Amino acid sequence: MINKALLEILKGRVSWKEIEGEEKLNVIKKLHQKGIFDLRGGVLEVSEALNVSESTIYRYLSKI
């Protein structure tokens with residue numbers, strides 16, 4: 001479910017590094033709206049899929 005949501009939201013981009021500033025926040029917002037972070041281990045799975053730390057994901061979530 002998480003991988004499917006990421007593929008849909010990232011729209012074919014290969015990595016998190018390809019996304020610029022505000023667009024990164026929008027990706028996290030969309031994942032949040034889909035309830036991905038409500039799932040057990042959601043933050044961990046997203047952080048691993050994007051190759052970033054969990055604290056990076058939490059930092060973006062705090063901006064929402």
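Structure's up top.
**Student:** Run through the nonpolar core, naming residues and quoting values.
**Tutor:** Counting residues in hydrophobic clusters, the biggest one holds 20 residues, and the most contacted among them are W16, I28, L31, F37, V46, L50 and I57. Only α1 (2-10), α2 (21-33), α3 (42-50) and α4 (54-62) provide two or more residues apiece to this core. A total of 5 residues in this core trace back to one element, the largest contributor, which is α1. In contact with W16, not counting residues within four places along its chain, are K24, V27, I28, L50, V52 and Y60.

**Student:** Go over the environment of R59, please, and point to the residues and values.
**Tutor:** Position of R59 among the secondary structure elements: in helix α4. Along the sequence, R59 and L25 sit 34 residues apart, while their C-alpha atoms lie 9.7 Å from each other.

**Student:** Could you give an account of the packing of α1 against α2, naming the residues involved and the relevant values?
**Tutor:** Direction vectors running N to C along α1 and α2 enclose 140 degrees, while the axes themselves pass 10 Å from each other. Put simply, α1 runs oblique to α2. In this structure, α1 crosses over α2, and the sense of that crossing is right-handed. Touching A5, L6, I9 and L10 of α1 are V27, K30 and L31, all from α2. For the contact of α1 with α2, a count of residues per class yields 6 nonpolar, no polar and 1 charged.

Criteria and cut-off values
Residues numbered from 1 in each chain as written. Predicted model: local features only at pLDDT ≥ 70, side-chain atom pairs only at ≥ 80, totals over all residues. Heavy atoms only, no water. Core = buried A, V, L, I, M, F, W, Y, C linked by side-chain atoms within 4.5 Å. Buried < 20%, exposed > 50% of the residue type's maximum accessible area, 1.4 Å probe, protein only. Helix = DSSP H or I, 4+ residues; strand = E, 2+ residues; numbered from the N terminus. Contact = heavy atoms within 4.5 Å. Axes fitted to C-alpha atoms, helices over the stretch in contact; angles between N-to-C directions. Parallel < 35°, antiparallel > 145°, perpendicular 65-115°, else oblique. Left-handed = near helix turned anticlockwise from the far one by under 90°. Nonpolar A, V, L, I, M, F, W, Y, C, P; charged D, E, K, R; others polar.

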